[in-house]
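# Coordinate analysis (summary)
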Amino acid sequence: MKKYFSLVLFAHSVFALPFAMIGFFLGVTTTENPFNWLKLALVLLCMVFARNAAMAFNRYLDRNIDAKNPRTQMRDIPAGKVSAREALTFVIINCVLFVITTAFINNLCLYLSPIALFVVLFYSYTKRFTALCHLVLGLGLSLAPIGAYIAVTGEFNLVPVLYSLAVLFWVSGFDIIYALQDEDFDKGEKLHSIPAALGIKNALNLSVGLHILSATCVILPAFFTTFSWVYYIGVAFFCFMLTYQHLLVKPNDISKVNRAFATTNGYASVVFAVCFLLDAFLRTHYNF
């Protein structure tokens, strides 16, 4: 099991999982649907299975590319820690478990599960034909808040969609920053990415624009739902961390890409989600 789970980077789970919790508790606190421990556990399992499938499939599909890239040569399949067949088996098992788990939530989640799997798996192909691959990755992770909300309510709503859009623009923006490391490699291998297509400076400008859209989308829910000042602390922190990562990475210095990608964005999502959940708890139990 340790060998298989080495295909999955737990640290990357802090990007989508906090927003899944936001979607789940948004459904609990703004509708008549009660909190249910079993449903929460099922949502968490869906997140785990989808994440396992997506990351392992990416490693499987990119195994030959990773073997050529000095930055990724030590990943599990190129390094011989996990075989390609084992990785694909791991993907299939997690896809099946994901669909089965959605069946225990509600019919809408079950019907939408193949679409969700298609999106998160299809991302791995996109760098072969479009520089918009970063947006497809963002789309995959953006399913977390709306998916968790649907798990609770069985229906769509504007506010969780706004959080999904926030994730889409946020992830797309920071994935562009992460891809700066492979600009030359992508060009040499005829792979597609925003940095390879536009150059570092223009790629960073586009990333800034996407992060402005993301910040807007975490502010907009305030016009449709009542929040206390605790939520706005979370919004301010999230926006600050978006700004901070652009201060870390400059066109003439990308040495702090990993710090901007993992650490900064990890703190942004976790702290924002904690503020959202604390706000919901205080308003629900103490009329805060």
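Every value quoted in this text rests on a predicted model; they were computed, and no experiment measured them. Position numbers for residues count from 1 along each chain, tracking the sequence in the order it is written. In keeping with the model being predicted, local features are shown solely for residues with a pLDDT of at least 70 and side-chain atom pairs are shown and tallied solely at 80 or more, while totals for entire chains, interfaces and linings include all residues. To get the side-chain values, take all heavy atoms of the structure and skip hydrogens and water.

## Describing the overall build of the protein chain
Rules: Counting from the N terminus, the helices are the DSSP runs of H or I reaching at least four residues and the strands are the DSSP runs of E reaching at least two. When we talk radius of gyration, it's over C-alpha atoms, and the globule rule is simply 2.2 Å times the number of residues to the 0.38. Classification of residues uses two cut-offs on accessible area relative to the type maximum, computed with a 1.4 Å probe and protein chains only: under 20% is buried, over 50% is exposed, and between them is partly exposed. Only the protein chains shown count as covering a residue, and every accessible area follows the Shrake-Rupley method with a 1.4 Å probe.
Per the secondary structure count, the protein chain includes 13 helices and 0 strands. In the protein chain, the succession of helices and strands from N to C terminus is α-α-α-α-α-α-α-α-α-α-α-α-α. Taken over the C-alpha trace, the protein chain has a radius of gyration of 19 Å; the compact-globule value for 288 residues is 19 Å, and the two agree within 12%. Overall, the protein chain is about 60 × 40 × 30 Å in size when its C-alpha atoms are taken along their principal axes. Evaluated residue by residue, the protein chain yields a buried proportion of 53% over its 288 residues. Summed over all atoms, the accessible surface of the protein chain reaches about 13,500 Å², with 68% contributed by carbon and sulfur.

## Regarding unusual backbone geometry
Positive phi outside glycine occurs at Lys190, with the angle close to 60°. When you line up the elements, Lys190 lands in the loop between helix H9 (183-188) and helix H10 (194-198). For Lys190, a relative accessible area of 67% corresponds to the exposed category.

## As for the packing of helix H7 (residues 133-153) against helix H8 (residues 158-179)
Geometry of a packed helix pair, given as the angle between the helix axes and the separation of the axes. Just so we agree on the cut-off: Under this scheme, a helix contributes an axis fitted over its contacting stretch, all axes are lines through C-alpha atoms, and angles between N-to-C directions fall in the 0 to 180 degree range. Angle categories are assigned with fixed cut-offs, so that under 35 degrees is roughly parallel, over 145 is roughly antiparallel, 65 to 115 is roughly perpendicular, and the rest are oblique. Handedness of each helix crossing follows the sense of rotation of the near helix against the far helix: counterclockwise by less than a right angle gives left-handed, clockwise gives right-handed. Contact between two residues is taken to exist if any of their heavy atoms lie within 4.5 Å; hydrogens are not considered. In this count, Pro and Cys sit with the nonpolar residues alongside Ala, Val, Leu, Ile, Met, Phe, Trp and Tyr, while Asp, Glu, Lys and Arg are called charged and the others, Gly among them, polar.
Contact geometry of H7 with H8 gives a least axis separation of 7 Å together with a crossing angle of 150°. Put simply, H7 runs roughly antiparallel to H8. For H7 against H8, the interelement crossing comes out right-handed. Across the interface between the two elements, His134, Leu135, Leu137, Gly138, Leu139, Leu141, Ser142, Pro145, Ile146 and Tyr149 from H7 touch Pro160, Val161, Tyr163, Ser164, Val167, Leu168, Val171, Ser172, Asp175, Ile176 and Ala179 from H8. The residue inventory of the contact of H7 with H8, partitioned by class, reads 15 nonpolar, 5 polar and 1 charged.

## Structural notes on the nonpolar core
Applied cut-off: To define a nonpolar core, start from buried Ala, Val, Leu, Ile, Met, Phe, Trp, Tyr and Cys residues and group those joined through side-chain atoms within 4.5 Å.
In terms of nonpolar packing, the biggest core is built from 85 residues, with Phe19, Tyr163, Trp170, Tyr231, Phe238, Val249 and Phe272 touching the most fellow members. A per-element tally of this core places helix H3 (residues 37-61) first, with 13 residues.

## A short note on the packing of aromatic side chains
Any aromatic ring pair is given by two values, namely how distant the centres are and how the planes are angled relative to each other. The cut-off we apply is this: Classification of ring pairs rests on two measures: the distance between centres of Phe, Tyr or Trp rings, Trp counted by its six-membered ring, which must be within 6.5 Å, and the angle between planes, read as stacked under 30 degrees, edge-to-face over 60 and tilted in between.
In this structure the tally under the stated criterion is 24 aromatic pairs. Centroid distance Phe15 to Phe174: 4.8 Å. Interplanar angle 50°. Geometry classified as tilted. You can see Phe15 sitting in helix H2 (residues 13-30) and its partner Phe174 sitting in helix H8, a full 159 residues away along the chain. Classification of Phe15 as buried rests on a relative accessible area of 3%. The buried category is assigned to Phe174, whose relative accessible area is 2%. For the pair Tyr163 and Phe272, a centre-to-centre distance of 6.3 Å together with 55° between the ring planes defines the contact as tilted. Taken together, the positions of Tyr163 in helix H8 and Phe272 in helix H13 (residues 257-286) put the pair 109 residues apart, joining distant regions of the chain. Neither residue differs from the other here; Tyr163 and Phe272 are each classed as buried.

## Brief notes about helix H5 (residues 84-103)
Helical geometry note: an α-helix holds 3.6 residues per turn, so side chains three or four residues apart project in the same direction. Selection criterion: Take the residue count of a helix, subtract one, and multiply by 1.5 Å to get its expected span. The arc in question is formed by the directions pointing from the helix axis toward the C-beta atoms.
For H5, which comprises 20 residues, the first-to-last C-alpha distance of 29 Å matches the rise-based estimate of 28 Å (1.5 Å per residue) to within 8%. Buried within H5 we find Ala87, Phe90, Val91, Asn94, Cys95, Phe98, Thr101 and Thr102. Along the axis of H5, the buried residues cluster in a sector spanning 135°; they form a single face.

## Regarding the pattern of salt bridges
Stated formally: Within this document, salt bridges are pairs made up of a side-chain nitrogen of Lys or Arg and a carboxyl oxygen of Asp or Glu, the two lying within 4 Å of each other.
Evaluation of the coordinates by the stated rule reveals 7 salt bridges. Here Arg75 and Asp66 are joined by a salt bridge, their closest N and O atoms 3.3 Å apart. By the burial criterion, Arg75 is buried, and Asp66 matches it. Between Glu183 and Lys187 there is a salt bridge, with the nearest N and O atoms lying 3.2 Å from each other. Of the two residues, Glu183 and Lys187 are both situated in helix H9; the distance of 4 residues between them amounts to about one turn of the helix. In this structure Lys187 comes out as partly exposed when scored by relative accessible area, which is 44%.

## Here's the deal with the confidence of the model for the protein chain
Put simply, the rule is: Each residue carries a pLDDT value, the predictor's own confidence for that position, ranging from 0 to 100.
Per-residue confidence for the protein chain gives a mean pLDDT of 92; residues scoring 70 or more make up 95%. Mean pLDDT in the protein chain bottoms out at helix H1 (residues 2-5), which sits at 58, and peaks at helix H11 (residues 200-219), which reaches 97.

## Concerning helix H6 (residues 107-126)
Where we set the bar: The reported bend at a residue is simply the angle between two axes, fitted to the 7 residues ending at it and to the 7 residues beginning with it.
Taking 1.5 Å as the rise per residue, H6 with 20 residues should run 28 Å; its terminal C-alpha atoms sit 30 Å apart, in good agreement. Where H6 bends most, at Ser113, the angle is about 40°, and the proline Pro114 comes one to four residues later. Residues Cys109, Ser113, Ala116, Leu117, Val119, Val120, Leu121, Tyr123, Ser124 and Thr126 constitute the buried set of H6. Where the residues of H6 are buried, they touch H3, H5, H7 and H8.

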